[in-house]
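Residues per chain are reported as follows:
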Amino acid sequence: MSSKLRRQLWIICAAAGLFLTLLALDRTGAAAAVFGRNWLCLAVYLVPYLLCGAPVLRKAALGVKNRQPFDECLLMTLATVGAFAIGEYAEAVAVMVFYQVGEWFQDYAVGRSRRSISELMDIVPEYAHVERPGGAVETVEPDKVAVGDILVIRPGERIPLDGTVLSGESLVNTAALTGESVPRAVSPGAQVVSGCVNGEGLLRIRADKVFEDSTVSRILELVETAAEKKSKTEKFITRFARYYTPAVVCAAAALALVPPLFIGAWGVWIYRACAFLVISCPCALVISVPLAFFGGVGAAGRMGVLVKGSNYLELLARLDTVVSDKTGTLTCGSFRVSEVLPAADISETELLEKAALAESLSTHPIARSIREALGETEIDTARVQDVENISGRGLIAQVDGHRILVGSAALLRESGIELSEIKSGAATVCHVAQDGRFLGSILIRDQVKEDAAQALAEMKNGGVRRIIMLTGDRAAAGEAVARELGVDEVYTELLPQDKVAKVEELLASLSGACLAFIGDGINDAPVLTRADVGIAMGSLGSDAAIEAADVVIMDDDLRRIPQVMKIAQRTVTISRQNITFALAVKAAVLFLSALGAANMWTAVFADVGVAVLCILNAMRLLLRRNKSDDR
Amino acid sequence: MGAKTVKKKFSCEIDCANCAAKVEEAIAKLDGVHSVRVNFMMQKFTLEADDERFDEVLRAAIAAGKRIEPDFSVEI
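Quick caveat, the model's predicted, so the values are computed rather than measured.

As for the overall build of chain A
Looking only at helices and strands, chain A has 22 helices and 22 strands in total. Relative to the 2.2 N^0.38 estimate, which gives 25 Å for 631 residues, the radius of gyration of chain A is 34 Å and therefore markedly larger than a compact globule would have. Seen through its C-alpha atoms, chain A measures out along the principal axes to roughly 120 × 65 × 40 Å. Residues counted as buried form 45% of the 631 residues belonging to chain A.

Shown next as structure tokens:
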């Protein structure tokens, strides 16, 4: 609790204490005996009123002076001054005291939410150790570091800027940024991201970006400005308040003036108008709706999902169609040997070894995957000679004096080698032959991400009607992956511009329903921008993706999408509950007060009580910390 | 025209979302201010103004904000 809040609490308590004492004296008749005359009694009631109501009166006066008078302060000032005017001193003070209690609670709630967001965003490095040319190490503020400076990061310290490791090996903890608890191993040459915490090793890194462009600064900027992109609900509430307050003041004025002209009883009608003003105060809505969205963005952030605005949270809650890229999004984007099919008289290992030797000098992803499949075994490149690359087909090499062919069926057939046909499906096939004899085939494919099928199923449970996959890959490969994952529709062999066209076509056919595109953010920036919600995966440190996407999943986990959809749905539900509840209670009490069935006491409890309940409801989003951290 | 501008961010104190909007509106009208943000939820004040007279504009902006909303204050 800040000192300002604490001081306000004391003032409110003092005013409330004083007021209750006065009220007790008044009700027992003691007040009349002590103070006797009316004006003295008024003076005594004015003490607690002014004690806690002074800021409200001042703000109302200031609003009038600045010609923007219609706000809560004006409502409260009019209502209480009106109550004093007709001699209802106790009611006037009660309204002011309870209104201030409600306000105090709001400030407290907003402060709590704000703090839990800043804790979540506790990723800002406080200092950087710069190694100067002489070898001396100097501690400076992160924003004083220039690109190219050498930074020393000691064990347990936060990496201050994005950079490249020059020397040292360590495990870095990216949890604060991604929610991923398994530390990432880094060695010289690796890119490291600011905001991560260094593990046990000492690292020397070269700064690649200035602080302002580093990941930490960008993420903070995003989270802080997220609240400024208002959701439709928030905009509705703001607009609503703009017309609502003046309308209520006019209605109250009519209530106070019109009936008495015909039937008299001025005091009664003024009293009812004052009660009307008190109930109609819109603070429950004005604060609780943005608070709910703020909490939703914060809760998503805690999982490592950056939502760039409340409006996207609202869209995520009602996703209709999800379009996803394949490579790198649903699949790992790295090739792995999925099957080894040796000919009759050779073992799997021998086949792999021959292929690996022939491919030992190649950097092609297929060559790499074959070498990886062979495991630990060191490859002796001296055994390999005269490697000839045949573009798009494979290669021919001399291994231990034998002529080895590794490549497509076409390559082998050209050399007059007979081979058996293989049903490859999603895989790429690599045939191997030695001295004109067929040795067998190796199937290589891009791995589907472990959780992809589960994540897609959860999205469907969350209300997504259609899941569509777009890929530039061959039809056979794309369709095999689609079948495996349970995707509804698949479009294959698309060029990047075809993907944009496809998404535009889908958007047009949806007529307003919400479409999300999931991509890895590296080459699908245009599609990310086109979609209603662009979701970029695993793009920590990729500027283009963070720029183009509306939602950034910082670790590579597809399951974050159904999770963030759930948060979005909860946020929208909570803000709807608040709007409905507040409006319903207010409408009911307004009606009663106009009829004279509700007095000012009911009014003030209806107003403050509703506000407190709405705020508590909105705060549920942030307080459900452990639940959303489950994985 | 075409003068270089700088953007700086400060911690600020502002009481309500409505007050923040009012203060923002008032400051945006000032001479030399290119863009201004008063973020109630994060309690952040961002001002973009001409580089060479940034401090002067900043002072004017804070004064204008205080006129509208006496509780508005900025940590410099």
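Comments concerning the overall build of chain B
When its secondary structure is counted, chain B shows two helices and four strands. N-terminal to C-terminal, the α/β element order of chain B is β-α-β-β-α-β. For 76 residues, the compact-globule formula gives about 11 Å, and the C-alpha radius of gyration of chain B, at 11 Å, lands near that figure. Reported as C-alpha extents along the three principal axes, the dimensions of chain B are approximately 35 × 20 × 15 Å. Scored against the burial criterion, the 76 residues of chain B give a buried share of 36%. A separation threshold of at least 6 residues defines the contact pool for chain B, and within that pool the share at least 24 residues apart is 66%.

Some points on the sheet that holds strand S13 (residues 384–390) of chain A
Residues and elements named next belong to chain A. Taken in spatial order, the six strands of this open sheet run S12-S17-S16-S15-S14-S13, and their pairing is antiparallel. For this open sheet the edge positions go to strand S12 (331–342) and S13, each flanked by a neighbour on one side alone. Taking each pair of neighbouring strands and ignoring which way they run, the sheet shows an average axis angle of 20°. Where strand S14 (residues 394–399) and strand S15 (residues 402–407) come together, six bridges link them in antiparallel fashion. What sits directly across from Gln 398, in S15, is Arg 403.

Focus on the interface of chain A and chain B
Counting residues at the interface gives 10 residues for chain A, matched by 10 residues for chain B. At three residues, helix H10 (residues 283–302) of chain A tops the list of elements feeding residues into the side of chain A that touches chain B. Its residues assigned to classes, the side of chain A that touches chain B comprises four nonpolar, two polar and four charged.

Remarks on the environment of Glu 103 of chain A
Residue position: Glu 103 of chain A is located in helix H5 (residues 89–120). When the C-alpha positions of Glu 103 of chain A and Val 487 of chain A are compared, they lie 51 Å apart, and in sequence the two are 384 residues distant.

Regarding the confidence of the model for chain A
Reading fine detail from the predicted coordinates is not recommended where pLDDT is low. Residue and element names in this part refer to chain A. Predicted confidence across chain A gives a mean pLDDT of 83, with 93% of residues reaching 70 or more. Highest mean pLDDT in chain A belongs to strand S18 (residues 466–470) (93); lowest belongs to helix H22 (residues 625–629) (44). Of the regions scoring below 50 in pLDDT, residues 626–631 engages in five contacts with residues more than four places distant in sequence or in other chains.

Scoring rules and cut-offs
- Residues numbered from 1 in each chain as written.
- Chains lettered and ligands numbered in written order.
- Predicted model: local features only at pLDDT ≥ 70, side-chain atom pairs only at ≥ 80, totals over all residues.
- Helix = DSSP H or I, 4+ residues; strand = E, 2+ residues; numbered from the N terminus.
- Rg over C-alpha atoms; globule rule 2.2 N^0.38 Å.
- Buried ≥ 20, exposed ≤ 12 C-beta atoms within 10 Å, placed from the backbone.
- Contact = placed C-beta atoms within 7 Å.
- Pairing = 2+ DSSP bridges.
- Axes fitted to C-alpha atoms, helices over the stretch in contact; angles between N-to-C directions.
- Nonpolar A, V, L, I, M, F, W, Y, C, P; charged D, E, K, R; others polar.
- pLDDT = per-residue confidence, 0-100.

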